[in-house]
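# Coordinates in review
Residues per chain are reported as follows:
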Amino acid sequence: MIPFNKPCIIGPEMEAMKDAMQQNELSGNGPFGDNCTAWLKNKLDCEKAILTPSCTAALEMTALLTEVGVGDEVIMPSYTFVSTANAFALRGASIRFVDVSPETMNINPEKIEEAVTDRTKVIVVVHYAGVSCDMDSIMEIAAVHGLWVIEDAAQGLMSKYKGRSLGTIGHMGTFSFHETKNYTCGEGGALIINDRSLVDRAEILQEKGTDRSQFMKGMVDKYTWRDLGSSYLLSELNAAYLSVQLEHADEINQDRLRSWEQYRKGLQSLADIEKIDIPTIPKDCEHNAHMFYIKTKDDQERSKLILYLKENEVMAVPHYVPLSSSQAGKKFGEFVGEDLYTTTDSERILRLPLYYGIKEEDVEHGIKIIQAYYQA
């Protein structure tokens, strides 16, 4: 069976983890953590990068930093992972889900504008499959209404919009280093801060609401409880593993892009005769080949194709169920406007195997099985 995903392993990760153990510093913000945040800051050209236990934790920090609370509204796509909404629902905010653009499955800026009220405080954009949202339009809307913009770039490290790295365009951005992501340490994340005024407080929130980071820098002689916070630190063992991945980020990126392009070329003929849809990459976007998906005619066809692929040793999987249709989504939020694409297109998406090191012949096998299905 060709798996849908294999966690990325470059090779030297074990040695890096041994080095961390020998240095006797296993908690967060140690030497390997510093290496990772320095890499992120330099590569992305951001104000500050903070490692977190997950992208979920990073999103929770953005909710604290924007001081979202009861009575506030947060606009986001319904087509996203639960963490995007949970971070703000936990603070008591109401979620206003809006429709996506079918070409990219990213939030539709026109629907954001229609959803803004005098209670709106934050817009959360999700860069689906590592392909950027229309950030110029979204930042213009935010400026007009005085709103925070958070980039959920969980899937977007190494992707760009008009030459700018995802995660650095809004006020804050978040990344995931989960095992399903291009660059991983099993579980992990990062908060990217682009507003200098948020940096000091972010460091306090990360350290359980204390000024421990200032204490470690010698700025205070003891640390105390200063603010809300939690344990938003990534351990040195995870950071050591991650540091190897980041050092080889370009290599990983090129490997995935080759496989992605192989899928595109191999399935273009089926898209040309409208048997399937394949991903669209807007001209202003550089993507990172996080995933290659196709869209079938409907849910029934997708189910049949999944079974056919499985019978032929290929594991392909659907993706998100729209949050607005879930029990919690209805409790903590509402869909604003008409759902033209979110639900129908979510039932059509099928993700194909794509990971670092996938064999060219395995990608070709998947292509041929899909072609055979539609020829039959």
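In the block above lies the structure referred to throughout.
Okay, so let's go over this structure. A quick note: this is a predicted structure, and the numbers were derived from the prediction, not measured.

To continue, consider empty space enclosed by the protein. The probe, sized like a water molecule, is rolled over the atoms to show the empty space still left. Under the counting rule described, the total for this entry stands at three cavities of 30 Å³ or more. Space inside the largest cavity adds up to approximately 70 Å³. Lining the largest cavity are 13 residues, and of these Ala 129, Val 131, Pro 279, Ile 281 and Tyr 293 sit closest to its centre. In terms of residue class, the lining of the largest cavity is built from nine nonpolar, four polar and no charged.

A few words now on the packing of helix α2 (residues 31-44) against helix α9 (residues 236-247). The contact between α2 and α9 brings their axes to 8 Å, and the two run at 40°. The orientation of α2 with respect to α9, classified from their angle, is oblique. In this structure, α2 meets α9 at a crossing whose hand is left-handed. Residues Pro 31, Phe 32, Gly 33, Cys 36 and Trp 39 of α2 touch α9, and the partners they reach there are Glu 236, Ala 239, Ala 240, Leu 242, Ser 243 and Leu 246. Residue classes in the contact of α2 with α9 are distributed as eight nonpolar, two polar and one charged.

With that settled, consider the packing of aromatic side chains. All chains considered together, the criterion is met by eight aromatic pairs. Each ring, one from Tyr 79 and one from Tyr 320, has its centre 5.1 Å from the other, and the planes form 70°; the classification is edge-to-face. One end of the pair, Tyr 79, is in the loop between β2 (73-77) and α4 (82-89); the other, Tyr 320, is in the loop between α11 (299-311) and α12 (327-332), and 241 residues separate them in sequence. Given a relative accessible area of 13%, Tyr 320 falls into the buried group. Taken together, Tyr 79, Tyr 128, Tyr 293 and Tyr 320 form an aromatic cluster joined through their ring pairs.

Now for helix α1 (residues 13-22). Those residues of α1 lying buried are Glu 13, Ala 16 and Ala 20. Each buried residue of α1 lies within a common arc of 65° when the element is viewed along its axis, so the set occupies one face. Seen from the open side of α1, the exposed residues pointing more than 90 degrees away from its buried face are Met 14 and Gln 22. Immediately downstream of α1, the backbone of Asn 24 shows phi near 60°, a positive value.

Basis of the calculations
- Residues numbered from 1 in each chain as written.
- Predicted model: local features only at pLDDT ≥ 70, side-chain atom pairs only at ≥ 80, totals over all residues.
- Heavy atoms only, no water.
- 1 Å grid on protein atoms, 1.4 Å probe; cavity = no way out; pocket = protein on both sides within 12 Å on 5 of 7 lines; lining within 4 Å.
- Points joined across faces, edges and corners; volume = space filled by probe spheres on them.
- Nonpolar A, V, L, I, M, F, W, Y, C, P; charged D, E, K, R; others polar.
- Axes fitted to C-alpha atoms, helices over the stretch in contact; angles between N-to-C directions.
- Helix = DSSP H or I, 4+ residues; strand = E, 2+ residues; numbered from the N terminus.
- Parallel < 35°, antiparallel > 145°, perpendicular 65-115°, else oblique.
- Left-handed = near helix turned anticlockwise from the far one by under 90°.
- Contact = heavy atoms within 4.5 Å.
- Phe/Tyr/Trp six-rings, centres within 6.5 Å; stacked < 30°, edge-to-face > 60°.
- Buried < 20%, exposed > 50% of the residue type's maximum accessible area, 1.4 Å probe, protein only.
- Arc of directions from axis to C-beta.

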